[in-house]
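The residues making up each chain are set out below.
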Amino acid sequence: MHRIVLVEDDPDIGQLIGGWLGKHDMDVQLEPRGDMALARVAAEQPDLVLLDIMLPGLDGLSLCRALRGRFAGPIVMLTSLDSDMNQVLALELGANDYILKTAPPNVLLARLRVQLRQVKAAPAPIISQGSRLQLGTLFIDQATRTVRLGGQTVVLTTTDFDLLWQLASHAGQILSREALFQQVKGRDYDGLDRSMDVAISRLRQKLGDSAEAPTRIKTVRQKGYLLVPDEWS
């Protein structure tokens, strides 16, 4: 099931769209206010966001722009405003598509599926904003020391969080045990301490990685560890 947040203030339209998409492997969660949607999408990290333009609290165009620093998935505008200016503006602000509410349901479904397929095929982009870091559905906030994966909160120890932050902020790079000991534990690696290996093992378990054949956090023999940036979609 693909998880979709539909930001629509008309409950009848929201239920109609949600009911239709729900018949086609899409779990649609309705959010009626633009200002509430911002925090919700950032926290839940759905597979796709479907936005109306005319919304209470925060209009859809402003919401689209604000989401682009916190959400890497596709944003699709679904509106009754048939305006070239609005369409161009929405795309420039980060929307992936602009669909009129008068579009036949099958057309809406097909265009959403296109966006979802493209996300599945593309590498997860890395979004860095101050103390926040996002790789696909993995969201890390260093200021609040919170981690979410696929919208679910991941509870980590202090050491595990610091280790994950180092790996994620250097995604795609091999970090040696020596470097990790210095950054995470504040001391040199003595060549015998296996606590870093244990912490890596805990991280893999909590982040849904395989212990036998890890794909998200890899061990590079005689070199260190590598967080793979394309494995978090």
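Going by the structure above, here's the rest.
Every value quoted in this text rests on a predicted model; they were computed, and no experiment measured them. (Residues numbered from 1 in each chain as written. Predicted model: local features only at pLDDT ≥ 70, side-chain atom pairs only at ≥ 80, totals over all residues. Heavy atoms only, no water.)

**Overview of the layout of surface pockets**
- Estimates place the volume of the second largest pocket at around 200 Å³.
- Along its surface, the second largest pocket is lined by Ile13, Leu16, Ile17, Trp20, Leu78, Leu100, Lys101, Ala103, Pro104, Pro105 and Leu108.
- Taken together, the residues of the lining of the second largest pocket sort by class into ten nonpolar, no polar and one charged. (1 Å grid on protein atoms, 1.4 Å probe; cavity = no way out; pocket = protein on both sides within 12 Å on 5 of 7 lines; lining within 4 Å. Points joined across faces, edges and corners; volume = space filled by probe spheres on them. Nonpolar A, V, L, I, M, F, W, Y, C, P; charged D, E, K, R; others polar.)

**Observations regarding the sheet that holds strand β2 (residues 26–31)**
- The five strands lie next to each other as β2-β1-β3-β4-β5, forming an open sheet whose pairing is parallel. The two strands at the open ends of the sheet, each matched to only one other strand, are β2 and β5 (97–100). Across this sheet, the average inter-strand angle for adjacent strands is 25°, counted without regard to direction.
- Bridge analysis of strand β1 (residues 2–7) against β2 gives six bridges, and the strand direction is parallel. Pairing of Val5 across the sheet is with Gln29, part of β2.
- The sheet strands contacting helix α1 (residues 11–22) are β1, β2, β3 (48–51) and β4 (75–79), and the helix crosses β2 at an angle near 165°. (Pairing = 2+ DSSP bridges. Helix = DSSP H or I, 4+ residues; strand = E, 2+ residues; numbered from the N terminus. Axes fitted to C-alpha atoms, helices over the stretch in contact; angles between N-to-C directions. Contact = heavy atoms within 4.5 Å.)

**A word on the pairing of strand β12 (residues 217–220)**
- In terms of strand pairing, β12 meets strand β13 (residues 224–227) through four bridges, oriented antiparallel. Looking at β13, one finds that Thr219 is bridged to Tyr225.

**Thoughts on the pairing of strand β7 (residues 132–135)**
- Examined bridge by bridge, β7 and strand β8 (residues 138–141) share four bridges and lie antiparallel to one another. From the neighbouring strand, Arg132 faces β8, where its bridge partner is Asp141.
- A loop of two residues connects β7 with β8, the two strands running antiparallel in sequence, and Gly136 in this loop sits at a positive phi of about 60°.

**Some details on the nonpolar core**
- Core analysis: the biggest nonpolar cluster contains 29 residues, and Leu163, Leu167, Leu207 and Leu227 have the highest contact counts within it.
- With six residues, helix α6 (residues 158–169) is the largest single contributor of residues to this core.
- Excluding residues that lie within four positions of it along the chain, Leu207 makes contacts with Leu138, Leu149, Val154, Leu164, Arg216, Ile217 and Trp232.
- The next biggest cluster of nonpolar side chains, apart from the first, holds 20 residues, and it includes Ile53, Leu61, Cys64 and Phe71. (Core = buried A, V, L, I, M, F, W, Y, C linked by side-chain atoms within 4.5 Å. Buried < 20%, exposed > 50% of the residue type's maximum accessible area, 1.4 Å probe, protein only.)

**Considering the pattern of salt bridges**
- Overall, the coordinates contain eleven salt bridges when judged by the stated rule.
- The salt bridge involving Lys101 is made with Asp52; its shortest N-O contact spans 3.2 Å. In this pair, Lys101 sits in the loop between β5 and α5 (105–121) while Asp52 sits in the loop between β3 and α3 (60–67), placing the two residues 49 residues apart along the sequence.
- Given the relative accessible area of 27%, Lys101 is considered partly exposed.
- Across the pair Asp160 and Arg202 runs a salt bridge whose closest N-O atoms are separated by 2.7 Å. With Asp160 in helix α6 and Arg202 in helix α8 (residues 195–206), this pair connects stretches of sequence that are 42 residues apart.
- Here the salt bridges do not stand alone but share partners, grouping Glu8, Asp52 and Lys101 into one network. (Salt bridge = Lys/Arg side-chain N within 4 Å of Asp/Glu carboxyl O.)

**Some remarks on α1**
- Between its first and last C-alpha, α1 extends 16 Å over twelve residues, near the 16 Å set by a 1.5 Å rise per residue.
- Those residues of α1 not exposed but buried are Gly14, Ile17, Gly18 and Leu21. The buried residues of α1 occupy an angular sector of 100° when the element is viewed end-on, so they sit on one face. Residues of α1 that are exposed and angled more than 90 degrees away from the buried face: Asp12, Gln15 and Leu16.
- The N-terminus of α1 is capped by Asp10, whose side-chain oxygen sits 3.0 Å from the backbone nitrogen of Asp12. (Expected span 1.5 Å × (residues − 1). Arc of directions from axis to C-beta. Polar contact = N/O pair within 3.5 Å; in protein donor to acceptor, adjacent residues only side chain to side chain.)

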